[in-house]
Amino acid sequence: MKLWPLGFILIGGLLLCTWLSACSKTSPSSEIRMALSQGPLNLDPRYASDAASARINRLIYKSLIDFDAQTKPCPDLAAWQVLDDRHYRFTLVSPRATFHNGVALTAKDVAATYQSLLSLKNSPHTAEFANISDIRVVDENTVDFYLTVPDTDFPARLIIGILPAELIQQAHDFAHDPVGNGPLKFASWRGTLKLSRISDGQAFNLQEVKDPTVRVLKLLRGEVDLLQGDLPPELVKYLAKQSDIKVQASIGSNFSYLGFNLQDPVLGKLEVRQAIAHAIDRPTIIREAMVDESRPAGAVLPPEHWAGNPNLPTYEYNPQLARELLQKAGVTLPLRLVYKTSTDAQRVRLATIMQAQMQAAGIALEIRSLDWGTFFDDIKHGQFQLFGLTWVGIKTPDIYRMAFHSQSVPPKGANRGQLKDTKLDQLLEAEHWSAVTQYVHEQLPYVPLWYEGQFVAMRKNLVDYALKPDGNWDGLKTIKKNNVNF
Amino acid sequence: MMIKRLLGIIPVVFGVLLLTFLLVHLVPGDPVEVMLGESATTADRAQLRSDLGLDQPLTIQFLTYLKHIAHGDMGRSIHTQSDISAMLADRIPQTAKLALLSLAIAIAVALPLGILAALKSNQWQDHLATLSSLTLSAMPHFWLGPLLMLVFALWLGWLPVSGMESNASIILPALTLGFGLAAILTRMTRASLLEVLNEDFVRTARAKGLNEKNVIVRHALRAALLPIITVLGLQLGGLLAGAVITETVFSWDGVGRLLVESIEKRDYPVTQACVLVIALSYVVINLLTDIIYTQLDPRVKYA
């Protein structure tokens, strides 16, 4: 039998490849293409709660306030006055912003945005504003917020992007067709999200590429121009060695920690938690298995935060001391514990390193990596002994109340370890943040691990991209693409 | 008889709907918590639970779900608030396109290779074909995919790494899926053809003086195709179900990727809809396979 079909297929295949080669070459594009490990889910700031949506919404919509370098609230769209402890007045700064549909932003839009948010029954943000008793428009530039109970952090909560009142009334689909007032304007969203910069028309293409290796390959081939975060350190180091790629790193503020179930009879003992803190060699982990600019953490908020505490002592790696503390607590060695984490390869790797380090202290750590949904559900329901998580984008010291107050046990908050400590509750209610951080550091409901460094890898023809400690993508406001094609 | 076969689909679909509904309600996670986050009050949660009908007994929830499905309403995504029917209408053609191209690649590779292996049984061509098919079947898609990217996209620069922005983007995911399927089909073709070549009717055809090409193509291959069609049907069902890993690795916006994302995000209505579409695609493909079977072998009848 002749095998001409096979030959025909092979020749056809070769011709096809030649044709594809010609038509699939990456051509220099004026568009800036960014690969995301996780794409946005919802571009309506009243609903968005995932990190990617929040980062993009910051670029499409401006909010009343923003944060300065010390993470203190500062005016963005509006400046504020405290008229009394339950009455805040916000005045739009001039020149007044304009929505992307050409309509000028007024106090009516601010009031409409927050009023609509308060009326929503399925928004993750509505409860955060339950303290608002009334919102009144004073004039075109001024809006008053009235509170039920005093809240000194109130301005720092007003970070929801402002929407046009007219479109809110028409029940416009902001989730898929956002009309904002920020530096970037929505263009389209079918598979990839396309935005354009108001100031110079620079076009952006943001595409979700889940696999880290594929993101790197796309960057190397020039199919994308930059990627930020979410890469294993070895890939970052590999990219740094490539001639047409540059890698920038800076300090981060996202806090990684090891959480305890304080209702567990063994982990409820302070000596056991101290032993675990002394059984982890954080400097070595940071040096060997993390990206540059990662640094050990002492508290949820970093030292440069206005409510941070730079004077906290560190828990040194000392397996011998850890053993002694365990014996003092009356624990039989080896102490068997279960550590839950997600299936993320880097998280599993870090857990494996900690497992090996803890062995020297007489702790036998069993790692259970679970898909994100199951893992987080277990954590919220207290079904764990130890877990590892990261607080991302935290701005206010209110996080301490949410994470440690005895009335913040899930589902009413994020006190997942179910800490019940009257003294801490009193400190939290007094908002004595320095004492709170000191006390939390001593009592160890969390073992503070590190603030992971931020990095961006981009092609060399990109300039003016500044990294932010919380990993936001504000650098897209200024980034430029040179004509030179590297 | 075909009507009876078609009616048989109804209990299958009902069973799928019931199982999907139960599975989604049994896995850990609560859609209300997903929607409201950690700051909502108990009263807010109870209100939303009531609004969504999640406070109703499971039987009532299932009947409501069936009623909506019967009206073609698959609901809305928890996260994006998008209409799920519209989401699927976008995704299904992409998955179908990828599945059909993968199948075409698999057939184009496997049939000639399998025939060659059978005709040159125990010769070097047979060993080479067997080695190739074994090698390909031993490669998981999450490994083969990036390998093809490295070679064809990065080193040779012929094809895009991933995405859906150019027509050429489909080639690498289709090759990844097609090679895996070709490995199975090659071995199946070889085994099936070898068996048929020893049958009496093939010997008779040769004795009648027919040339070898006619014997192979018109007599042996036609008979050997029956088990291959069965495997093809099952495999195509799997491909239409969404090649979960391949679609994820190649950022291909198909049903498989949507399913994985919905499970990760606990977007239950989307998960339910995806599983339903996948089950239906299996049912339809199996039905089509049965029909083709009767055409190829008139002896096969449905009782």
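Rules and cut-offs
- Residues numbered from 1 in each chain as written.
- Chains lettered and ligands numbered in written order.
- Predicted model: local features only at pLDDT ≥ 70, side-chain atom pairs only at ≥ 80, totals over all residues.
- Heavy atoms only, no water.
- Patch = residues over 30% accessible without salt bridge, like charges linked within 9 Å, V, L, I, M, F, W, Y side chains within 5 Å.
- Areas by Shrake-Rupley, 256 points an atom, 1.4 Å probe, with all protein chains shown as cover.
- Salt bridge = Lys/Arg side-chain N within 4 Å of Asp/Glu carboxyl O.
- Helix = DSSP H or I, 4+ residues; strand = E, 2+ residues; numbered from the N terminus.
- Buried < 20%, exposed > 50% of the residue type's maximum accessible area, 1.4 Å probe, protein only.
- Axes fitted to C-alpha atoms, helices over the stretch in contact; angles between N-to-C directions.
- Parallel < 35°, antiparallel > 145°, perpendicular 65-115°, else oblique.
- Left-handed = near helix turned anticlockwise from the far one by under 90°.
- Contact = heavy atoms within 4.5 Å.
- Nonpolar A, V, L, I, M, F, W, Y, C, P; charged D, E, K, R; others polar.
- Buried area = accessible area lost by both parts, 1.4 Å probe.
- Polar contact = N/O pair within 3.5 Å; in protein donor to acceptor, adjacent residues only side chain to side chain.
- Domains from an automatic or database assignment.

Take a nonpolar patch on the surface next. All names here are of chain B. Residues Phe14, Leu18, Leu22, Leu26 and Leu58 make up a contiguous nonpolar surface patch of roughly 450 Å² in combined accessible area. Looking at the nonpolar patch element by element, the count peaks at four residues for helix H2 (residues 9-26). With respect to the helices, strands and loops of the structure, leucine 26 is situated in helix H2. Looking at leucine 26, the relative accessible area reads 68%, which means it is exposed.

Of note, the bond from A:Leu333 into A:Pro334 is cis; its omega dihedral lies within 30 degrees of zero at 0 degrees. For A:Pro334, the position within the fold is in the loop between helix H10 (319-328) and strand S15 (335-342). Cis geometry marks the peptide bond from A:Pro410 to A:Pro411; its omega dihedral reads 15 degrees. Note that A:Pro411 resides in the loop between helix H13 (398-404) and helix H14 (422-429). Non-glycine residue A:Asp464 carries a positive phi angle of around 65 degrees. For A:Asp464, a relative accessible area of 46% translates into the label partly exposed. Backbone geometry at B:Ser251 places phi at a positive 50 degrees, although glycine is not the residue there. Along the chain, B:Ser251 turns up in the loop between helix H12 (244-249) and helix H13 (255-264). Residue B:Ser251 is classed as buried on the basis of its relative accessible area of 6%.

A few words on the packing of helix H8 (residues 270-278) of chain A against H10(A). All names here are of chain A. It is the contact of H8 with H10, at a shortest axis distance of 8 Å, that shows an interaxial angle of 165 degrees. Between H8 and H10, the interaxial angle falls into the category roughly antiparallel. Of the two possible hands of crossing, H8 and H10 adopt the one that is left-handed. Contacts between H8 and H10 involve Glu271, Val272, Gln274, Ala275 and His278 from the first element and Pro319, Leu321, Ala322, Leu325, Leu326 and Lys328 from the second. For the contact of H8 with H10, a count of residues per class yields seven nonpolar, two polar and two charged.

This part is about the interface of chain B and chain A. Residue-level contacts link 53 residues of chain B with 50 residues of chain A. Carbon and sulfur atoms make up 58% of the area that chain B and chain A hide from each other, which totals about 4400 Å². By the criterion of area lost to chain A, the three top residues of chain B are B:Glu33, B:Glu38 and B:Trp158, representing 16% of everything that side buries. Put simply, chain B and chain A have two salt bridges between them. Between B:Asp90 and A:Arg190 there is a salt bridge whose closest N-O contact spans 3.5 Å. Viewed at the interface, chain A and chain B are joined by 11 residue pairs in polar contact (both at pLDDT 80 or more). Broken down by class, the residue content of the side of chain B that touches chain A amounts to 25 nonpolar, 14 polar and 14 charged.

This next bit is on the domain arrangement of chain A. All names here are of chain A. Here chain A is described as being made up of domain 1 (5-41 + 183-251 + 455-481), domain 2 (62-169) and domain 3 (255-451). Inter-centroid distance (C-alpha atoms) of domain 2 to domain 3 is 35 Å. Across the contact, eight residues belong to domain 2 and eight residues belong to domain 3. Between domain 2 and domain 3, a total of about 760 Å² is buried, with carbon and sulfur atoms accounting for 53% of that surface. Broken down residue by residue, the surface that domain 2 buries against domain 3 is led by Gln70, Thr71 and Asp153, which jointly contribute 51%. Counting the contacts that link domain 2 with domain 3 gives one salt bridge. The partner of aspartate 398 in a salt bridge is arginine 157, with the nearest N and O atoms 2.9 Å apart.

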